[in-house]
Amino acid sequence: MMAQEMRLMLCGGTGCESNGSLRVKEVLEAELARHQLSESVPVIVTGCYGMCAHGPVLVTQPDEVFYHGLKPEHMARLVEEHVINGKPLQDLMVTSEATGLPLPKL
């Protein structure tokens, strides 16, 4: 996927904000700027995704990878591996309770 097509949808709900989504957004935007991607990969604050206890939550579009439990220190890796190289970070993805495998789609 070309980075120009990607949008990063970050939960701005109360649960995610209380778990640090505003700081995640700051660091994420700084990482995008460091790679000259600020204009082509927008960070859009959304409403609640319903996973408040697991926030901050971020969904990438159009590939719909669903990340949770994000921390500022994850942002450099997320930008470099997923946004730039198209390789989702399986260790930060929501996983199936039944299989333990990452759920790459909403």
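Structure first, text after, so check above.
Residues numbered from 1 in each chain as written. Predicted model: local features only at pLDDT ≥ 70, side-chain atom pairs only at ≥ 80, totals over all residues. Heavy atoms only, no water.

S.K.: What is the right way to read the packing of aromatic side chains from this model?
M.R.: Two numbers describe a pair of aromatic rings. These are the distance of the centres and the angle of the planes. Applying the stated criterion across every chain, the model contains one aromatic pair. Here Tyr49 and Phe66 contribute two aromatic rings whose centre-to-centre distance is 6.1 Å and whose plane-to-plane angle is 55 degrees, an arrangement assigned as tilted. In this pair, Tyr49 sits in the loop between strand E2 (43-46) and strand E3 (58-61) while Phe66 sits in strand E4 (residues 66-67), placing the two residues 17 residues apart along the sequence. The class for Tyr49 is partly exposed, based on a relative accessible area of 28%. On the basis of relative accessible area, Phe66 is assigned to the buried category, the value being 10%. (Phe/Tyr/Trp six-rings, centres within 6.5 Å; stacked < 30°, edge-to-face > 60°. Helix = DSSP H or I, 4+ residues; strand = E, 2+ residues; numbered from the N terminus. Buried < 20%, exposed > 50% of the residue type's maximum accessible area, 1.4 Å probe, protein only.)

S.K.: Where do I start with the nonpolar core in this structure?
M.R.: Judged by nonpolar contacts, the single largest core of 21 residues is most densely connected at Leu8, Leu28, Leu32, Tyr67 and Val83. Not counting chain neighbours up to four residues away, the residues in contact with Leu8 comprise Leu28, Leu32, Val41, Pro42, Val43, Ile44, Leu58, Val59, Thr60 and Val83. Grouped together as the second largest cluster of nonpolar side chains are seven residues, Met9, Val59, Phe66 and Val94 included. (Core = buried A, V, L, I, M, F, W, Y, C linked by side-chain atoms within 4.5 Å. Contact = heavy atoms within 4.5 Å.)

Function cannot be read off these values alone, since they describe shape.
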